[in-house]
Amino acid sequence: MKVLYCFIIGLGLVIPDLSASVSQGKEVHARVCLACHPYVQNMAGKKTSQEWKRIFKYQDGTNELAKTHLAQEEAKKSWRYFTSEEYMQEMKHLRDLMLKYSSDRAGHNSCF
């Protein structure tokens, strides 16, 4: 019984870290993206959820979001972030945020 109890507690501590979170995506957006992209709902609403999934799909050590920022001189301030381990850990939260406000999932009345 003690083993089961320890397993359940351990699982409870691990599972939240594995799942992505819209609220954490909002925090990342506020900290990293807000200077250049002040209106996440408008930006996210310009693409469908399938388009956002393609943009955030991790392949060959990066994804389309990072490639787009790294290819643009005006995004130079963000280059360090998009090449960091921090971005690799946080992109799942940004992905969930963009999916929540995507054009085909519109109609959310939640406050941002």
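Above this text is the structure in question.
Residues numbered from 1 in each chain as written. Predicted model: local features only at pLDDT ≥ 70, side-chain atom pairs only at ≥ 80, totals over all residues. Heavy atoms only, no water.

Draft legend 1. Structural context of the overall build of the chain. Summing up its helical and strand segments, the chain has seven helices and zero strands in all. Walking the chain from its N terminus toward its C terminus, one meets helices and strands in the order α-α-α-α-α-α-α. Every one of the 112 residues in the chain was classed for burial, and the buried ones make up 28%. Intrachain contacts of the chain at a sequence separation of at least 6 include 64% that bridge at least 24 residues. Accessible surface for the chain amounts to roughly 7900 Å². Of this, 58% is attributable to carbon and sulfur atoms. (Helix = DSSP H or I, 4+ residues; strand = E, 2+ residues; numbered from the N terminus. Buried < 20%, exposed > 50% of the residue type's maximum accessible area, 1.4 Å probe, protein only. Contact = heavy atoms within 4.5 Å. Areas by Shrake-Rupley, 256 points an atom, 1.4 Å probe, with all protein chains shown as cover.)

Draft legend 2. Inspection of the packing of aromatic side chains at higher detail. Evaluated as defined, the whole model comprises four aromatic pairs. Their ring planes at 40° and their centres at 6.1 Å tell us that Trp52 and Phe56 sit as a pair that is tilted. Of this pair, Trp52 and Phe56 both sit in helix H4 (residues 49–56), four residues apart, which is roughly one turn of the helix. Accessibility classification places Trp52 together with Phe56 in one group, the buried group. Taken together, the aromatic side chains of Tyr81, Phe82 and Tyr87 make up a single cluster linked through ring pairs. (Phe/Tyr/Trp six-rings, centres within 6.5 Å; stacked < 30°, edge-to-face > 60°.)

Draft legend 3. Just the side chain of His69, in detail. In this structure, His69 sits in helix H5 (residues 64–70). Assessed through its relative accessible area of 15%, His69 is described here as buried. For His69, the residues in contact, after removing those within four places along its chain, are His37, Ala75, Ser78, Trp79 and Phe82.

Function cannot be inferred from these measures alone, as they are strictly geometric.
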